[in-house]
Amino acid sequence: MSSYYSRSPPPLQHPAWAPPQGYHRYQPQPHIPDFAAWGMNDTTAQFGMQLGQSAVAAGHEYVQKNFGGFIPLKHHFNVSNSYVMKKLQILLFPWRHKPWSRRVRRSEAGHTEWQPPRDDINSPDLYIPLMAFVTYILISALQTGLQDRFHPQILGASASRALVVLLLDFLFVKGGCYLLNVQSSSQVTDLVAYGGYKFVGVILTLLSGLVNPSRTIYLLVFAYAFAANAFFLLRSLRSVVLPDLSSATTPVTVSQAQRKRRITFLFLEAVIQVIYMGILVRV
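Here goes a summary of the coordinates provided. (Residues numbered from 1 in each chain as written. Predicted model: local features only at pLDDT ≥ 70, side-chain atom pairs only at ≥ 80, totals over all residues. Heavy atoms only, no water.)

What follows concerns unusual backbone geometry. Here the amide bond leading from Lys98 into Pro99 is cis, since omega sits at -10°, within 30 degrees of zero. Tracing the chain through its elements places Pro99 in the loop between α4 (81-92) and β1 (104-106). Of note, the phi angle at Asp148 is positive, near 60°, even though the residue is not glycine. The class of Asp148 is exposed, set by a relative accessible area of 73%. In this structure, Asn181 takes a positive phi of about 60° despite not being glycine. (Helix = DSSP H or I, 4+ residues; strand = E, 2+ residues; numbered from the N terminus. Buried < 20%, exposed > 50% of the residue type's maximum accessible area, 1.4 Å probe, protein only.)

Here it is, written out as structure tokens:
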């Protein structure tokens with residue numbers, strides 16, 4: 001009796017389930033437009049799709065060729081804390097800095113390109129100009145507030161004035177390079193970065209006015225900031241206007257007459273900074 005109850009019941013056997021004939025698992029299919037509803041046959045539709053793909057590829061190539069300077073922003077924001085500190089030191093005390101030539105490296109594709117700012121102190125960046133641009137707007141608002149002239153429109157007016165100055169400076173350099181037939185591998189963002197460094201000297205001048213309201217001290221600080229920025233641009237833009245054959249990614253030969261004209265253009269760009277900075281400090 002005990003052995004009878006100790007036996008476990010046999011497991012239940014379920015027949016294996018098999019899908020009926022004609023059954024297919026549902027798989028979502030990609031949506032294909034019904035071109036026939038638009039009055040087009042398959043041949044016309046395929047031709048149109050190929051034409052559209054060719055147009056997109058051609059547009060992408062055109063953007064890369066003509067507006068490539070606006071795209072690789074990651075390169076110009078590749079900075080470190082040590083780079084920022086050293087760059088600010090060069091911007092304020094550029095007199096003894098050497099060398100000024102930029103470094104090149106070999107990319108994975110085998111092309112020669114400029115090293116990022118993190119690895120080359122002479123490489124232009126957009127981090128410092130952007131931070132200086134925002135700081136300039138805030139200090140302008142602070143100065144007007146201390147003088148009981150603050151209004152919310154001051155922020156927009158300061159930003160607009162700064163953008164106009166940047167645009168004028170960029171057009172002057174770009175136009176001069178075009179007229180002088182300067183063929184350089186520097187991108188548009190490089191020129192914007194060089195133009196944005198002037199905000200460091202402008203901020204120094206505005207801070208001197210807040211700390212010491214003396215007109216003489218204010219003018220001396222402005223003169224020094226202008227001279228430092230002008231000297232920095234002379235040495236930095238030289239790699240753009242007069243590229244070094246040993247470090248340029250696209251070596252070119254410059255005649256003696258072209259060299260004189262380009263040096264004159266460099267001095268004009270440096271001298272005209274006094275006008276740009278004079279506009280910016282008038283808050």
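Still to come is the rest of the account.
A few words on helix α7 (residues 188-196). Counting buried positions over the nine residues of α7 gives eight, a clear majority of the element. Buried within α7 we find Val188, Thr189, Asp190, Leu191, Ala193, Tyr194, Gly195 and Gly196. Among the structural elements, α3 (73-76), α5 (127-146), α6 (153-179), α8 (198-211), α9 (215-236) and α10 (238-241) are those in contact with the buried residues of α7. (Contact = heavy atoms within 4.5 Å.)

Let us look at the pattern of salt bridges. Going through the model one piece at a time under the given rule, you end up with three salt bridges. Put simply, Arg105 and Glu113 hold a salt bridge, and the shortest N to O gap is 3.1 Å. Using a relative accessible area of 30% as the deciding quantity, one classes Glu113 as partly exposed. The residue Asp169 makes a salt bridge to Lys198 at a minimum N-O spacing of 2.7 Å. Of this pair, Asp169 sits in helix α6 while Lys198 is found in helix α8, placing the two residues 29 residues apart along the sequence. The exposure class assigned to Lys198 is buried, which follows from its relative accessible area of 1%. (Salt bridge = Lys/Arg side-chain N within 4 Å of Asp/Glu carboxyl O.)

The next subject is the packing of α5 against α8. Two elements in contact, α5 and α8, have axes separated by 9 Å at closest approach and are oriented at 25°. Between α5 and α8, the angle is such that the two are roughly parallel. α5 and α8 meet at a crossing whose hand is left-handed. Mapping the contact onto sequence places Ile128, Ala132, Phe133, Thr135, Tyr136, Ile139, Ser140, Leu142, Gln143 and Leu146 in α5 and Phe199, Val200, Val202, Ile203, Leu206, Leu207 and Leu210 in α8. (Axes fitted to C-alpha atoms, helices over the stretch in contact; angles between N-to-C directions. Parallel < 35°, antiparallel > 145°, perpendicular 65-115°, else oblique. Left-handed = near helix turned anticlockwise from the far one by under 90°.)

What follows deals with the side chain of His76. Within the secondary structure layout, His76 lies in helix α3. Beyond its immediate sequence surroundings of up to four residues, His76 is in contact with Pro117, Pro124, Asp125, Leu126, Tyr127, Gln187, Thr189 and Asp190.

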